[in-house]
Amino acid sequence: MKVIAINGEAWCHTLTGIERLAIEVVQHLDRLVQPGMMELVVPANAKDVPELSNIKTVRLKREAHFFPRWTQVDFQLYVLAHRRLSLDFSNTCPFFAPGIEFIHDIYCALYPEDFTSRRDKLICLYSRMMYRAIAKRAKVVLTVSEYTKQTVIDRYHTPAGKIRVVYSGVTGYRDIQADFSVFDRLPRLKDGKPFYFTLGSLSRRKNLKWIAEHAALYPDEIFAVSGKPLPSVVAPELEKMKSLSNVIMTGYLSDGEVKALLSRCKAFVLPSYFEGFGLPPLEALSCGTQIIVSNRTSLPEIYGSAAHYIDPDKPDVDLDKLLAEEVSSPDPLLEKYDLAKTAERIYGIIQGMK
């Protein structure tokens, strides 16, 4: 089999769920593969690239900034010139040489109406082009849920045997130290009053409309909302939420600050109407926090009986009554959704390709 070239663009970006998955899975793969099986190909501006024992690191001369260029020009030329098999973690692939490719979700294909500006529409168009290229021509398609697998089959008629579900996970998150100094920066959360917490990219699918409408209906409940507004698909509810006295917009938080809020909040809330996996609630469960999640798309599959569920279209919910309902232990989920196991699943797939 060809040497596998891993797209290392994740080492140039702010950590989100996809970047964290890529970075941690590569380090776990390094413990599994034999020397010469894989290379990590990183841009010139990649930071904190780990010292790997069995995966060779190749640093190219080009930097990665605006996302299509690195994958479609620099990484793709390397893959073609050196006859490599690409492995990409982020819903993209070298268009003329798709190899082993992740599709976390096909949001842009299912909700194109969420992309309204010219820039948004270009991002949506590029993403849809990538979904199709991966679904039609990749050697193997990796997904993070059975839900995403089925949407790819339904949309692109990809053979089921070509798609492998490897899931996501929270391995390294457990080692993060909580940074309780965040409460000094957010004094309204410091007085011990119960609060609900939500975080993620502040995009439309995260359904901040539910938070805004629920907070307006229940003014005695406090919500802390964290996340970085995306340059595209910004939720229009952001302005409304800023006007509500019981909603605290925290801005971007470090992993340690997030963990501190998770450890003290009444529950973590994710009212999204679309998720391919939905990682933040799993991080919350790893902190011993109760979770309230939407009953749509992948979330019931992933969280089963360990979560409290809401209808993302119905904000009038008694959360105290909901949280009083019994849920199962999250321990089986935390054992199943572990990035070391994600790496093992990927390694097993690669072994089966020989």
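Reference entry: report on the structure contained in this document.

Moving on: helix H1 (residues 17-30). Here H1 spans 20 Å end to end across 14 residues, near enough to the 20 Å set by a 1.5 Å rise per residue. Residues Glu19, Arg20, Leu21, Ala22, Ile23, Glu24, Val25, Val26, His28, Leu29 and Asp30 constitute the buried set of H1.

Attention shifts here to unusual backbone geometry. Glycine aside, the phi torsion of most residues is negative, and most peptide linkages are trans. Here the phi dihedral of Tyr167 falls at roughly 65°; this positive angle occurs in a residue that is not glycine. Take Tyr167: it is sitting in the loop between strand S7 (163-165) and helix H6 (182-185). Within the chain, Thr297 stands out as a residue other than glycine whose phi angle is a positive 50°. Accessibility expressed as a relative area gives 23% for Thr297, which makes it partly exposed.

What the seven strands build is an open sheet, ordered S3-S2-S1-S4-S5-S6-S7; its pairing is parallel. Here the strands that pair on one side only, and so sit at the sheet edges, are strand S3 (56-59) and S7. Averaged over all neighbouring strand pairs, the angle between strand axes comes to 25°, with direction disregarded. The strands touched by helix H5 (residues 146-156) within the sheet are strand S6 (140-143) and S7, with S7 carrying the most contacts at an inclination of about 165°.

For the rest of this paragraph, the subject is the nonpolar core. Formed by 71 residues in total, the largest nonpolar core has its most connected members in Met38, Phe89, Phe197 and Tyr303. Once you skip the residues sitting within four places of it in the chain, Met38 turns out to touch Val3, Ile4, Ile6, Leu29, Val33, Asn54, Ile55, Lys56, Leu87 and Ile350. Counting 22 residues, the second-largest nonpolar core is a separate cluster that includes Ile134, Ala135, Tyr156 and Phe274.

Interhelical geometry of helix H4 (residues 118-137) versus H5 gives an angle of 90° and a closest axis separation of 11 Å. Classified by the angle between their axes, H4 and H5 sit roughly perpendicular to one another. Of the residues in H5, those touching H4 at Arg128, Tyr131, Arg132, Ala135 and Lys136 are Val152, Arg155 and Tyr156.

Now for the sheet that holds strand S13 (residues 308-310). With parallel pairing, six strands are arranged side by side in an open sheet as S10-S9-S8-S11-S12-S13. Each edge of the open sheet carries a strand with a single partner, namely strand S10 (247-251) and S13. Geometrically, the sheet is characterised by an average inter-axis angle of 25° between neighbouring strands, direction not taken into account. The pairing of strand S12 (residues 291-294) with S13 spans three bridges and is classified as parallel. Following the sheet pairing, Ile292 is matched in S13 by His308. Its contacts with the sheet put helix H7 (residues 208-217) on strand S8 (195-199), strand S9 (222-226), S10, strand S11 (267-270) and S13, and the angle it makes with S9 is roughly 155°. Lying over the sheet, helix H9 (residues 255-264) contacts S8 and S11, oriented at roughly 145° with respect to S8.

With that settled, the discussion passes to the environment of Val152. Mapping Val152 onto the fold places it in helix H5. Sequence separation between Val152 and Tyr131 is 21 residues; the distance between their C-alpha atoms is 8.4 Å. Apart from residues no more than four positions distant in its own chain, Val152 is found in contact with Ile103, Ile106, Ala135, His157, Thr158 and Ile163.

Before going further, it helps to examine the pattern of salt bridges. A complete count under the given rule lists 12 salt bridges for this structure. Here Glu283 makes a salt bridge to Arg20, at a shortest N to O gap of 4.0 Å. Of this pair, Glu283 sits in helix H10 (residues 280-286) while Arg20 is found in helix H1, placing the two residues 263 residues apart along the sequence. Each member of the pair Glu283 and Arg20 is classed as buried.

With that settled, consider the side chain of Ser226. For Ser226, the location among the structural elements is in strand S9. Here Ser226 falls in the buried class, since its relative accessible area comes to 3%. A polar atom in the side chain of Ser226 sits 3.3 Å from the backbone oxygen of Gly251.

Helix length check: helix H14 (residues 339-352) (14 residues) gives 20 Å between terminal C-alpha atoms against 20 Å at 1.5 Å per residue, within 8%. Restricting attention to buried positions, one finds in H14 the residues Leu339, Ala340, Thr342, Ala343, Ile346, Tyr347, Ile349 and Ile350.

Scoring rules and cut-offs
- Residues numbered from 1 in each chain as written.
- Predicted model: local features only at pLDDT ≥ 70, side-chain atom pairs only at ≥ 80, totals over all residues.
- Heavy atoms only, no water.
- Helix = DSSP H or I, 4+ residues; strand = E, 2+ residues; numbered from the N terminus.
- Expected span 1.5 Å × (residues − 1).
- Buried < 20%, exposed > 50% of the residue type's maximum accessible area, 1.4 Å probe, protein only.
- Pairing = 2+ DSSP bridges.
- Axes fitted to C-alpha atoms, helices over the stretch in contact; angles between N-to-C directions.
- Contact = heavy atoms within 4.5 Å.
- Core = buried A, V, L, I, M, F, W, Y, C linked by side-chain atoms within 4.5 Å.
- Parallel < 35°, antiparallel > 145°, perpendicular 65-115°, else oblique.
- Salt bridge = Lys/Arg side-chain N within 4 Å of Asp/Glu carboxyl O.
- Polar contact = N/O pair within 3.5 Å; in protein donor to acceptor, adjacent residues only side chain to side chain.

Interpretation in functional terms is not warranted from these geometric data alone.
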